[in-house]
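Breakdown of the fold
As a plain string of letters, each chain reads:
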Amino acid sequence: MNPNDLPLDAIESQAQTLAAPDVENTVLSIIVTYPDMLDHYGDRLTADCFTVTENKLIFAAAVKQISTGKGCDAVSLMEELRGKVDLPYIHEVISSHNYGARGIAAHIENLADLHQARSLHATSFKMAELAYSRAPISERIDAAQAAVQALEVQGGEDEWVDAYTAAVAHTELIDQRERGEIVGLATGYADVERAAEHCRRT
């Protein structure tokens, strides 16, 4: 089946299996309560590891505030994210975990692995497109290999960016999207793009 023929609900259902909102909330709660955990275990954590838009914003703001050395809490996050994230939601996320910092390494690894799994899922659509392409097979194989190599590099040491730099960059990206200055890259799949637009609005 051509990937363009996949129904929207099927794409959304597949994507939901590669997300863990409860784990995202737990990680955010631990980071805010125990900011030192970010230094110890945050090397694999970026805003893209979060699938909930509000969680991406909370993470970016938390990292920004923690980087000043003053820490952060629900109140400081509410002040910074006022107008961007509902205040009750921030309080709900920050209060979602009260069992100490145990398990954060496993939780972060889980989110990082899911992030790469989502990248692999997106790449699979590219592979399907190449299979149906009329380009020479050698060119299609080269393109497929390049896509796989990009997955292997993702998250590697050569691509490492500290959490603060990544968070600031992601916050600016979200602001630019809200202002309409930039839009997401076109995938070539109408269903995928409708799903992405639906996710951005919900």
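Note: the structure precedes this text.
First things first, this report covers the structure right here in the doc. (Residues numbered from 1 in each chain as written. Predicted model: local features only at pLDDT ≥ 70, side-chain atom pairs only at ≥ 80, totals over all residues. Heavy atoms only, no water.)

1. Considering the nonpolar core
In terms of nonpolar packing, the biggest core is built from 34 residues, with Leu45 and Phe59 touching the most fellow members. Of all the elements, helix 4 (residues 53-66) adds the most residues to this core, at seven residues. (Core = buried A, V, L, I, M, F, W, Y, C linked by side-chain atoms within 4.5 Å. Buried < 20%, exposed > 50% of the residue type's maximum accessible area, 1.4 Å probe, protein only. Helix = DSSP H or I, 4+ residues; strand = E, 2+ residues; numbered from the N terminus.)

2. Here we look at the packing of helix 5 (residues 74-81) against helix 6 (residues 87-94)
Across the interface, helix 5 lies against helix 6 with an axial gap of 10 Å and an inter-helix angle of 145 degrees. For the pair helix 5 and helix 6, the sense of crossing is right-handed. Residue-level inspection shows Ala74, Leu77, Met78 and Leu81 of helix 5 in contact with helix 6, the latter providing Leu87, Ile90, His91 and Ile94. The residue makeup of the contact of helix 5 with helix 6, split by class, is seven nonpolar, one polar and no charged. (Axes fitted to C-alpha atoms, helices over the stretch in contact; angles between N-to-C directions. Left-handed = near helix turned anticlockwise from the far one by under 90°. Contact = heavy atoms within 4.5 Å. Nonpolar A, V, L, I, M, F, W, Y, C, P; charged D, E, K, R; others polar.)

3. Concerning helix 4
Compared with the 20 Å implied by 1.5 Å per residue over 14 residues, the 20 Å span of helix 4 between its first and last C-alpha is a close match. Among the 14 residues that make up helix 4, eleven are buried, leaving the element largely enclosed by the rest of the structure. Of the residues making up helix 4, those classed as buried are Asn55, Lys56, Leu57, Ile58, Phe59, Ala60, Ala61, Ala62, Val63, Gln65 and Ile66. (Expected span 1.5 Å × (residues − 1).)

4. Side note on the packing of helix 2 (residues 21-33) against helix 4
Look at helix 2 against helix 4: their axes get within 11 Å of each other, and the N-to-C directions meet at 15 degrees. Classified by the interaxial angle, the pair formed by helix 2 and helix 4 is roughly parallel. The interaxial crossing formed by helix 2 with helix 4 has left-handed handedness. Contacts from Pro21, Glu24, Asn25, Leu28, Ile31 and Val32 of helix 2 reach helix 4 at Asn55, Ile58, Phe59, Ala62 and Ile66. (Parallel < 35°, antiparallel > 145°, perpendicular 65-115°, else oblique.)

5. Regarding the packing of aromatic side chains
For the coordinates displayed, the defined rule picks out one aromatic pair. Geometrically, the ring pair formed by Phe50 and Phe59 is tilted, given 5.0 Å between the ring centres and 35 degrees between the ring planes. The class for Phe59 is buried, based on a relative accessible area of 1%. (Phe/Tyr/Trp six-rings, centres within 6.5 Å; stacked < 30°, edge-to-face > 60°.)

6. Structural notes on the side chain of Thr26
Summarising the element assignment, Thr26 is placed in helix 2. Since its relative accessible area comes to 15%, Thr26 is described here as buried.

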